[in-house]
Amino acid sequence: GNSVTQMEGPVTLSEEAFLTINCTYTATGYPSLFWYVQYPGEGLQLLLKATKADDKGSNKGFEATYRKETTSFHLEKGSVQVSDSAVYFCALTGAGSYQLTFGKGTKLSVIP
Amino acid sequence: DAGVTQSPTHLIKTRGQQVTLRCSPKSGHDTVSWYQQALGQGPQFIFQYYEEEERQRGNFPDRFSGHQFPNYSSELNVNALLLGDSALYLCASSSGTNQPQHFGDGTRLSIL
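Quick summary incoming for the structure in this document. This structure is a prediction, so every number in the text was calculated from the model and none was measured. (Residues numbered from 1 in each chain as written. Chains lettered and ligands numbered in written order. Predicted model: local features only at pLDDT ≥ 70, side-chain atom pairs only at ≥ 80, totals over all residues. Heavy atoms only, no water.)

**Regarding the side chain of D85 of chain B**
Residue and element names in this part refer to chain B.
And then number 1: Checked against the element boundaries, D85 lands in the loop between strand 8 (74–78) and strand 9 (87–94).
And then number 2: On the accessibility criterion, D85 (4% relative accessible area) is buried.
And then number 3: A polar side-chain atom of D85 sits 2.8 Å from the main-chain amide nitrogen of L82. (Helix = DSSP H or I, 4+ residues; strand = E, 2+ residues; numbered from the N terminus. Buried < 20%, exposed > 50% of the residue type's maximum accessible area, 1.4 Å probe, protein only. Polar contact = N/O pair within 3.5 Å; in protein donor to acceptor, adjacent residues only side chain to side chain.)

Structure (structure tokens):
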């Protein structure tokens, strides 16, 4: 079946530091890949997506590139802010499937 | 434009009871999915409804059932509640296949 593995947290960074959250996946065919963010007490918000190999999703300074050869979709941001503190989930939908399969989430804390 | 709305926000039940959670999709969306998010975990897919039919189901027992109404809103019913059913229940809506799912803020269900 499909699965998503993302780096264990929590991750603590100083403001303006560089962020990388690793995500790898297992799926048949060509899945669509997503990053969702969850702020405390809220539901999930779509951060970015990529639907085919070598696509780069980007939003609010965050980027992730769909790497078919390494089955990865790592999230990056050049300079994090305190307001980026949240839990980040990597997810996929497999070919022919309607469900989102999520990783366990990575909690990010950014300190001033 | 209202997003996905869920009710109630919080709910406390005892073992063996039954519960109904409600979801109104984002305007223009016709597909509703339900997810269970245990504390510290990623969301797990329960099922998806489209055109008032269950289109796909995850690995959840028959105690979990649902319904979609002609106005695309949806209900999640859970019978014979267990302590392990304590979780955040998230509703997500989308329009068409391969479109991103938009999440509500969830219903926090606590079983005593």
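Following the structure, the description resumes.
**Let's talk about the sheet that holds strand 7 (residues 56–59) of chain A**
Residues and elements named next belong to chain A.
And then number 1: What the 4 strands build is an open sheet, ordered 3-9-8-7; its pairing is antiparallel. Whereas interior strands pair on both sides, the edge strands pair on one side only; in this sheet they are strand 3 (19–21) and strand 7. Averaged over all pairs of adjacent strands, the angle between strand axes in this sheet comes to 15°, irrespective of strand direction.
And then number 2: In this sheet, strand 9 (residues 75–77) lies alongside strand 8 (residues 62–65) in antiparallel orientation, the contact comprising 3 bridges. Note on strand 9: the bridge partner recorded for A64 is L75. (Pairing = 2+ DSSP bridges. Axes fitted to C-alpha atoms, helices over the stretch in contact; angles between N-to-C directions.)

**What about the interface of chain A and chain B?**
And then number 1: Across the boundary between the two partners, chain A contributes 16 residues, which contact 18 residues of chain B.
And then number 2: For the pair chain A and chain B, the summed buried area comes to about 1,500 Å², and 54% of that belongs to carbon and sulfur atoms.
And then number 3: For chain A, the biggest contributors to the area lost against chain B are L44, Y98 and Q99 of chain A; these three give 38% of the whole.
And then number 4: Here chain A and chain B share 0 salt bridges between them.
And then number 5: The interface formed by chain A and chain B includes 7 residue pairs in polar contact (both at pLDDT 80 or more).
And then number 6: Among the secondary structure elements, those contributing two or more residues to the side of chain A that touches chain B are strand 5 (32–38) and strand 6 (44–50) of chain A.
And then number 7: Of the residues in the side of chain A that touches chain B, the class split is 8 nonpolar, 5 polar and 3 charged. (Contact = heavy atoms within 4.5 Å. Buried area = accessible area lost by both parts, 1.4 Å probe. Salt bridge = Lys/Arg side-chain N within 4 Å of Asp/Glu carboxyl O. Nonpolar A, V, L, I, M, F, W, Y, C, P; charged D, E, K, R; others polar.)

**Remarks on the state of the cysteines**
Residues and elements named next belong to chain B.
And then number 1: Tallied over the full model, the rule gives 2 disulfides over all chains.
And then number 2: Shown here is the disulfide that connects C23 with C91, its sulfur atoms set 1.8 Å apart. Its torsion about the S-S bond being -65°, the disulfide of C23 and C91 is classed as left-handed. With C23 in strand 3 (residues 19–24) and C91 in strand 9, this residue pair connects regions lying 68 residues apart in the sequence. Residue C23 shares its accessibility class with C91, and that shared class is buried. (Disulfide = S-S within 2.5 Å.)

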